Amino acid sequence: MKLIIGNHNYSSWSMRPWLLMKQVGIEFDTVRIPLNTDETDALLDQWCPARQVPVLHDGPLVLWDSLAICEYIADKLPEAGLWPVPADDRARARAMCAEMHAGFRHVRRKMPMNCRRQVVGFEPDLDTRIEINRLVQLFEDALQGSGGPWLFKSFGVVDAMFAPIASRLHTYGVHVPADSTSWMTRILEHESVREWYALAAAETEVIEPAEVPDA
Ligand SMILES: N[C@@H](CCC(=O)N[C@@H](CS)C(=O)NCC(=O)O)C(=O)O
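Residues numbered from 1 in each chain as written. Predicted model: local features only at pLDDT ≥ 70, side-chain atom pairs only at ≥ 80, totals over all residues. Heavy atoms only, no water.

(A) Molecular detail of the pattern of salt bridges. Under the criterion given, the structure shown has twelve salt bridges. The salt bridge involving Arg32 is made with Glu203; its shortest N-O contact spans 2.8 Å. Of this pair, Arg32 sits in strand 2 (residues 29-32) while Glu203 is found in the segment after helix 9 (191-202), placing the two residues 171 residues apart along the sequence. Connected through salt bridges with shared partners, the residues Arg32, Glu203 and Glu205 form a single ionic network. (Salt bridge = Lys/Arg side-chain N within 4 Å of Asp/Glu carboxyl O. Helix = DSSP H or I, 4+ residues; strand = E, 2+ residues; numbered from the N terminus.)

(B) Up close: the sheet that holds strand 2. In space, the four strands of this open sheet follow the order 2-1-3-4, with mixed pairing throughout. Each of the sheet's edge strands pairs with one partner strand only, and the pair in question is strand 2 and strand 4 (61-63). Here the strands of the sheet are splayed against their neighbours by 20° on average, with no regard to which way each runs. As judged from the three bridges shared by strand 3 (residues 55-58) and strand 4, these two strands associate in the antiparallel manner. Paired with Leu56 across the two strands is Leu63, which belongs to strand 4. Across the face of the sheet, helix 3 (residues 66-76) comes into contact with strand 1 (2-5), strand 3 and strand 4 while running at roughly 40° to strand 3. (Pairing = 2+ DSSP bridges. Axes fitted to C-alpha atoms, helices over the stretch in contact; angles between N-to-C directions. Contact = heavy atoms within 4.5 Å.)

(C) Quick look at the domain arrangement of the protein chain. On domain assignment, one finds that the protein chain holds domain 1 (2-79) and domain 2 (81-196). Placing a centre on the C-alpha atoms of domain 1 and another on those of domain 2 gives a separation of 20 Å. The interface of domain 1 with domain 2 comprises 27 residues on the first partner and 26 residues on the second. Carbon and sulfur atoms supply 68% of the area that domain 1 and domain 2 bury against each other, a total of about 2,500 Å² over both sides. Three residues stand out in domain 1 for area buried against domain 2, namely Asn9, Met15 and Arg16, and they jointly supply 27% of the buried area on that side. For the interface between domain 1 and domain 2, the tally reads two salt bridges. In this structure, Glu71 engages Arg94 in a salt bridge whose closest nitrogen and oxygen atoms are separated by 3.4 Å. Along the contact surface separating domain 1 from domain 2 lie 13 residue pairs in polar contact (both at pLDDT 80 or more). Put simply, the parts of the chain that give the side of domain 1 that touches domain 2 at least two residues each are helix 1 (12-24) and helix 3. At eleven residues, the largest contribution of residues to the side of domain 1 that touches domain 2 is made by helix 1. Broken down by class, the residue content of the side of domain 1 that touches domain 2 amounts to 14 nonpolar, eight polar and five charged. (Domains from an automatic or database assignment. Buried area = accessible area lost by both parts, 1.4 Å probe. Polar contact = N/O pair within 3.5 Å; in protein donor to acceptor, adjacent residues only side chain to side chain. Nonpolar A, V, L, I, M, F, W, Y, C, P; charged D, E, K, R; others polar.)

Here it is in structure tokens:
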């Protein structure tokens, strides 16, 4: 199995399936395509049918979407329990992943993932604040419903899908309520997230549009 990813520092979509695959202990190789370089387009053409990362290559199967890759891993390893068992919880977890996948465009644009940075004095604008409040509502509802420690009790697709949000909230110094903070801390201290951060720290590429200046 090969997972094609972007820069560890910036590629939030890549982090999601990578983290899930690490969590379940599946063996895979990584092909890293640094984004925004002169070689990026040629490498995307070679590996990525939609010219985006992440992409999973598993034998003849080529899967070009982060959520589809997570679903595939969950299907392949049902014993890993990557979706909650009660149907209502599973439906809620799926709705959360769908909302993450399709939404939060202000958070994505104005708070780009940047594992290496700790941005000083960041003040979200109104649109971004509204989306942060929605994220907090999702976290608090899931954690209070499940009792934690992960969003739906045990680590699953939903935690992997929201891991880059924890990274962003941390980078931009956004404070969230206690339950959300505990989940954020737990995910940022997850062994595989620390490994991802170490890989990000070792990268030298800088993507200027993703570098939000300190205030
Ligand atoms: N829907 C896609 C979105 C992936 C996506 O937007 N990837 C970005 C990087 S994080 C990308 O590949 N951009 C191509 C580029 O910057 O050239 C998924 O979830 O897999």
